[in-house]
Amino acid sequence: MAFAESQNPLRVYRIPQSRYIDAVRWLSPVSPSDRFAAIAYFDADTNSPSIEIAYVDPNPQSSSPTLTPQSSWTSPSRISSLRTAHSTPQPLLAAATFSGSLHILASDLINGGVMESEATVSQLGFHSGPVSAVDLREGGTECVSVGEDGRVNLVSFVGDSSKLNYRRIFDSNGLVGYTAVKWASPSEFATGGYGFGIQWWDQRTPGGPVLQFKGNWCQGKTSGIVHSIDIHPSRKHTCLAGGSSGTVFAWDRRAAQQPIVLSGAGTGEAPNSLLSESEVWEVQYDRYTRRSNIGNISSTRILPVMICSEDGILAVIEQGEEPLELLAEPCAINSFDIDRQNPSNVICSLEWESLAILTRS
Amino acid sequence: MPGVSSDSARGALVPLSPESPGAVVYPLRHGLKSPISRLSISWSRGNSLRVSVFAAPSSNGSVNDGDGGKVVEVKLGGGDGEISEAHWRRIAYGSVSPFALLQSRKNAVSSLSKMSMNSSPYDGDWWDYIMEYCKDINALLVNQKSASVPVLDDTKSVITKGEEPTSLKAAWELLEMFYAEKPSHSWLPERLVDWLADYDSLFSGTHPTVHSKLVDFQKEFVNLQVVEDDPKYWEVMSSALAVGWLNIVVKMLRLHGSYQLDQLSNRETENGLVEAVAVLISKMPRMRLEQEAGKLGECYKAKPDFVKAWEKWRGQINKLDSSAFWFQCAHQQTREGLRSMLQIMLGNANSLCSATYNWIELYISHFLYMRPLTVGLESMYSLAQKSIQLKPMASAHRLMGLIIGILGENTEVVLAECLKGFGPWMVAHAIELLTAGSDHAEMLLHEDRQNLGGISIEELHRLVYAQVLSSFPLTWQIAPIYLISCMKHGMILLQILLSKQPVQDNQLLLKSIEICRLYELHSVTSNIMKIAGVHHWKHGRKGSGVFWLQQARDEYRLNRIALQLFDSVGKTISDESFKQWEGLIQLLGSDSKTAGGLEFLHKYRDFKKSLRQIHDGKATDPARQAVESLISLMKNPSTPQRFWLPLLYDSLKLLNWKERPLLNVSQTNLLLNKLQELSMARLRPDFIESELPPQALNSVRLALGTNLGRAILEE
């Protein structure tokens, strides 16, 4: 396994938070030098969940970056999923909770990062039980939420209505549970769930998923759950998914039912080249690449992927190459986010109540 | 161990006297108006109690606002004042890696020593490992909140503040110097001098200290015009000199009025005396390995060199003490102050005693000026006893108890003081140091004891610490590291811990399963999965429930829930709801072993699918497929009886296929037999009637009969 330190300089800073971190996201900055992050905390001492906007000073006088809290919003329940839409100067946040509500927050980064709750859906019947995942449409006014209760809801927020309206796209009545969701285009999105299954949805074809990627493709081996999905804007035909047993795979919708396994179950590789054997909590396409142009990479090749896992690995996987390990922590890395504007910056949340900020150069 | 009192016969382990200082009253704020009828108390997370208060139902039967009950949490104990809960957790997280590393090295060393009998297990790199462990833990104990920077003019500030010291760090450093730094035993007195310089302020809360006197003086100091007229100036300097804070003393001496340019001429002798004392102080010989840069005093590593320098230095002091210049010094305070400082340097017992404020300071001053060559814990211990006699104290600080225990070479006392003063974390981690170099301590702590249920003291304390970690939702995940280092009870407690974790949230559930995987606790994994499966199933998340039960390979429960699923299948598998079922059926897969009784659903789906394709009644190929599915469904023992009639009724158009009979004679016979069996079963009281039109049975029978006739003709 390749280690990052030997190949390219990597600076890692761990910042203890004294609170559990449920999710962390970068916010798109107002100016190129600014860095803001949205962090969903859970204070175990007082039992209070909250979301905070923090200014990340990458290089203060002391050599490690500092986090300066700008504003805070108290959540009625712990955050199960947090997404941001990259619009400036008022980035939007969508936060889903374990009690089954959804909150749209707006943060004004110019005026001190003040965060306001724009709208809330918490009606009975929106979701029964926790919302397992939510995704905000890029720059848009819609988000989609899914749960293990088998409901797929579309929430649109236009104007300043404080009560959101939602539309039930599908309800499997619990027969199928969904654990991950990601927009692909203004009308299409993908969901993931048990048995490594992925569903492809198109709002123009209502009544159910338009395509299903069969779960249980790793017959006979342990099956698992998809925890995270990513879709690259230039490769909409491919869904990238990460889940149990260190599994990272891609599903090319054009290639029917055969997954492209990048890591973990079903690779048939020698066990020592396995990156991780535990849960892959999040996957994202890694936009930071030393290659000149992603256009040069053939369209059948999967773009570089960053993953984080329960056994403390943060790594970049490229198809057919040795994975590049960026972090190997003694505790789980529960979530991470790559800065859109400056993909060399990565922020991740560690199980032991701390954040890590990585700068690649 | 707390003494088992005489009333242990009555079941009390620790006697509770009414005037025991441990009794604390916690007020409950439940806000109930009506009288309380019942209380229920249980443990919540950590050291919180959950108290459920039930109000008495109001007598007149009306429902009021304050009726019912309340659940309140009561946090016991204020915790450790100097270390916040969050900091404790940070220490707990940080100590996992050093502890685990040391354990694995220990195992490697002991397995190595088993192979080669002649070499001692603990040599070579062993002390490096212990030292590394010690330093890693020490680094965690640094207090995050740094003390405020003094706003005083730097030339006038005599004490500089760094990070605020904590008793925990002070205690750890004591253990470090006595148990981990083996080779430096002859420099122990000097290490204690440094230790007191860092941590003297910790005693200020309960006892007067040199540090607190210095802080008090510094406050007044700013307003003083002529510093040498103030008796406190001399007092504080003598005290600081007595505990060896040479830099502070020299700095203070140089603030003496005689140094000022306008006074230099008429106070020449006085200034000369002050400077002479300052120079003597800064030349004090010290027996130690190295000196921090900028610190005053001269270091000697070897004893003969030191003794020579020490004699010479004392000679110089004596010479100055008896010099004639003192008579020429007009300033009385200066004369007396300086000469009393000389007495301290000469080791005058009375001067040392009056310059120090508690026994530890006196003890340190004895090392510095009276017995710098003290070696060995025994003589250090007797000196400490003597100091305590000279300066007895009503109450002992927790660090003082620890020092006495260490010097007395009493491992049990050290452990008890660690537990009492610093809690289970300290004991669990300090044991590694206590056993590092002492065979006696190792035997004592590793020996299995009958009165502890057959485990050793070491294991007991690790279990206690793991128990503390387990009771908090954020730290339970690190408890396994400590549990698996316990040979006797660790594994079973780990299984209990994992089995008790909540299963509602997938993320937490998967974290538990990951720990099971690491320690190969497969039976616990499948138990957790079963619990999770049933939980999800009960809450209507059928897909999740089936998934977890499949993962656990729990055929019994899968078959049970299959029966429930069939009930809803009979009603809802219509063409519209097909998409809902599609996902679940896909999840079931074709592997019938993991699907249990749900295998039927899979075949039923295939059958329905092919039926749907022949709606026009012409396509023969799909129709043949449908017949095959039907036959295999009817043959399969997992197909519930109550589905037989609906299946056959659904297949009417297959049975009445226009072109030619689709079923051959034996197939038709099979179906007819099933129909007969069904008619018999209808007579039984527990038969479930399907929701089909009443003539369904007859129309199926007719169709089968017709088909049989046609099939016989064809053959």
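Residues numbered from 1 in each chain as written. Chains lettered and ligands numbered in written order. Predicted model: local features only at pLDDT ≥ 70, side-chain atom pairs only at ≥ 80, totals over all residues. Heavy atoms only, no water.

To continue, consider the overall build of chain A. Each helix and strand counted, chain A has 1 helix and 29 strands in total. Evaluated residue by residue, chain A yields a buried proportion of 63% over its 361 residues. Considering only contacts in chain A between residues 6 or more positions apart, those separated by 24 or more positions represent 50%. Just so you have it, chain A exposes about 13100 Å², and 49% of that area is on carbon and sulfur atoms. (Helix = DSSP H or I, 4+ residues; strand = E, 2+ residues; numbered from the N terminus. Buried < 20%, exposed > 50% of the residue type's maximum accessible area, 1.4 Å probe, protein only. Contact = heavy atoms within 4.5 Å. Areas by Shrake-Rupley, 256 points an atom, 1.4 Å probe, with all protein chains shown as cover.)

Here the focus is the overall build of chain B. Helix and strand content of chain B: 32 helices and 5 strands. Here chain B holds 715 residues, and 47% of them are scored as buried. Look at the contacts in chain B between residues 6 or more apart in sequence, and 63% of them connect residues 24 or more apart. Carbon and sulfur atoms provide 55% of the accessible area of chain B, an area that totals close to 35400 Å².

Okay, the pairing of strand 15 (residues 178-183) of chain A next. The element strand 15 of chain A is extensively covered by neighbouring structure, given that 6 of its 6 residues are classed as buried. If you look at the hairpin formed by strand 15 of chain A and strand 16 (residues 188-193) of chain A, you'll find 4 residues sitting between the two strands. (Pairing = 2+ DSSP bridges.)

Counting residues in hydrophobic clusters, the biggest one holds 165 residues, and the most contacted among them are Leu314 of chain A together with Trp172, Phe178 and Leu253 of chain B. At 12 residues, helix 16 (residues 411-434) of chain B tops the list of elements feeding residues into this core. In terms of nonpolar packing, the next biggest core, distinct from the first, is built from 44 residues, Leu558, Leu611, Trp644 and Leu647 of chain B among them. (Core = buried A, V, L, I, M, F, W, Y, C linked by side-chain atoms within 4.5 Å.)

To continue, consider the packing of aromatic side chains. On inspection of all chains with the given rule, the structure shows 26 aromatic pairs over all chains. Judged by centre distance (5.8 Å) and plane angle (50 degrees), the ring pair of Trp195 of chain B and Tyr199 of chain B falls under tilted. Of the two residues, Trp195 of chain B and Tyr199 of chain B both sit in helix 4 (residues 188-199), 4 residues apart, roughly one turn of that helix. No difference in accessibility class separates Trp195 of chain B from Tyr199 of chain B, as the two residues are buried. One aromatic cluster in this structure is built from Phe170, Tyr178, Trp183, Phe189 and Trp201 of chain A. Arg78 of chain A extends its terminal NZ or CZ atom over the ring of Phe42 of chain A, reaching a point 4.1 Å from the ring centre. Here the basic side chain of Arg253 of chain A rests over the ring of Trp200 of chain A, its NZ or CZ set 3.7 Å away from the ring centre. (Phe/Tyr/Trp six-rings, centres within 6.5 Å; stacked < 30°, edge-to-face > 60°. Lys NZ or Arg CZ within 6 Å of the ring centre and 35° of its normal.)

Residues and elements named next belong to chain A. Spatially, the 4 strands line up as an open sheet ordered 2-29-28-27, and their pairing is antiparallel. Looking along the sheet, the strands with just one partner apiece sit at the ends: strand 2 (10-16) and strand 27 (333-338). Going across the sheet, the axis of each strand differs from the next one's by a mean of 20 degrees, ignoring polarity. Inspection of the sheet shows strand 27 paired to strand 28 (residues 345-350) by 5 bridges, in the antiparallel sense. The residue of strand 28 that forms the bridge with Phe336 is Cys348. (Axes fitted to C-alpha atoms, helices over the stretch in contact; angles between N-to-C directions.)

Residue and element names in this part refer to chain B. Interaxial distance between helix 13 (residues 359-370) and helix 15 (residues 398-407) falls to 11 Å at its minimum, and their mutual angle equals 45 degrees. Taken together, the axes of helix 13 and helix 15 lie oblique to each other. Residues Trp359, Ile360 and Tyr363 of helix 13 form the contact with helix 15, whose participating residues are Met400, Ile403, Ile404 and Leu407. Among the residues forming the contact of helix 13 with helix 15, the class breakdown is 7 nonpolar, no polar and no charged. (Parallel < 35°, antiparallel > 145°, perpendicular 65-115°, else oblique. Nonpolar A, V, L, I, M, F, W, Y, C, P; charged D, E, K, R; others polar.)

Tallied over the full model, the rule gives 0 disulfides over all chains. The cysteine Cys308 of chain A is free of any disulfide, with Cys348 of chain A supplying the nearest cysteine sulfur at 7.3 Å. (Disulfide = S-S within 2.5 Å.)

All names here are of chain A. Phi is positive for Phe196, close to 55 degrees, though the residue is something other than glycine. For Phe196, the location among the structural elements is in the loop between strand 16 and strand 17 (198-202). Among the residues examined, Phe196 registers a relative accessible area of 0% and is labelled buried. Here Glu353, not a glycine, exhibits a phi torsion of approximately 55 degrees, which is positive. As for its position among the elements, Glu353 is in the loop between strand 28 and strand 29 (354-360).

Our focus in this paragraph is the domain arrangement of chain B. Partitioning chain B into structural domains gives domain 1 (30-57 + 66-75), domain 2 (186-409) and domain 3 (554-714). Here domain 1 of chain B and domain 2 of chain B have C-alpha centroids that lie 58 Å from each other. (Domains from an automatic or database assignment.)

We now examine the side chain of Ser145 of chain A. Residue and element names in this part refer to chain A. Mapping Ser145 onto the fold places it in strand 12 (residues 142-147). Exposure remark for Ser145: the relative accessible area of 0% places this residue in the buried category. With near-sequence residues (within four places) excluded, Ser145 lies in contact with Phe126, His127, Val131, Ala133, Val134, Arg151, Val152 and Asn153.

Turning next to a nonpolar patch on the surface. Taken together, Leu28, Ile36 and Leu39 of chain B make up a surface patch of nonpolar side chains, about 250 Å² in accessible area. Residue placement: Leu39 of chain B occurs in strand 1 (residues 36-43). (Patch = residues over 30% accessible without salt bridge, like charges linked within 9 Å, V, L, I, M, F, W, Y side chains within 5 Å. Salt bridge = Lys/Arg side-chain N within 4 Å of Asp/Glu carboxyl O.)

All names here are of chain B. Look at helix 9 (residues 303-321) against helix 11 (residues 332-345): their axes get within 10 Å of each other, and the N-to-C directions meet at 150 degrees. As far as their axial angle goes, helix 11 and helix 9 are roughly antiparallel. Handedness of the crossing formed by helix 9 with helix 11: left-handed. On helix 11, the residues that touch Trp313, Arg314, Ile317, Leu320 and Asp321 of helix 9 are Arg339, Leu342, Gln343 and Met345. Looking at the contact of helix 9 with helix 11, its residues break down into 5 nonpolar, 1 polar and 3 charged. (Left-handed = near helix turned anticlockwise from the far one by under 90°.)

Within the fold, Glu582 of chain B resides in helix 25 (residues 578-588). Note on Glu582 of chain B: relative accessible area 14%, which makes it buried. Sequence spacing of Glu582 of chain B and His602 of chain B is 20 residues, and the spatial spacing of their C-alpha atoms is 9.4 Å. Not counting residues within four places of it along the chain, the set of residues in contact with Glu582 of chain B comprises Gln212 of chain A together with Arg605 and Lys609 of chain B.

Take the sheet that holds strand 18 (residues 211-213) of chain A next. Residues and elements named next belong to chain A. The strand order across the open sheet formed by 4 strands is 15-16-17-18, and the pairing between neighbours is antiparallel. Each edge of the sheet is formed by a strand with only one pairing partner; in this case those strands are strand 15 and strand 18. The mean inter-strand angle of the sheet, taken between neighbouring strand axes irrespective of direction, is 20 degrees. For strand 16 and strand 17, the ladder comprises 5 bridges, and the chain directions are antiparallel. When the bridges of strand 17 are listed, Phe189 appears paired with Trp201.

So, about the pattern of salt bridges. For the coordinates displayed, the defined rule picks out 42 salt bridges over all chains. Through salt bridges with shared partners, one network takes in Lys106, Glu432, Glu458 and Arg462 of chain B.

A few words now on the interface of chain B and chain A. Taken together, the contact between chain B and chain A spans 38 residues of the former and 43 residues of the latter. Of the roughly 3600 Å² buried between chain B and chain A, counting both surfaces, carbon and sulfur atoms make up 50%. At the junction of chain B with chain A, the criterion picks out 5 salt bridges. The closest approach of N and O atoms between Arg89 of chain B and Glu353 of chain A, which form a salt bridge, is 2.6 Å. Run the count over chain B and chain A and you get 17 residue pairs in polar contact (both at pLDDT 80 or more). At the level of secondary structure, the elements contributing two or more residues to the side of chain B that touches chain A comprise helix 1 (85-115), helix 21 (506-518), helix 23 (542-551) and helix 25 of chain B. Per-element tally for the side of chain B that touches chain A: the top contributor is helix 25 of chain B, with 9 residues. (Buried area = accessible area lost by both parts, 1.4 Å probe. Polar contact = N/O pair within 3.5 Å; in protein donor to acceptor, adjacent residues only side chain to side chain.)

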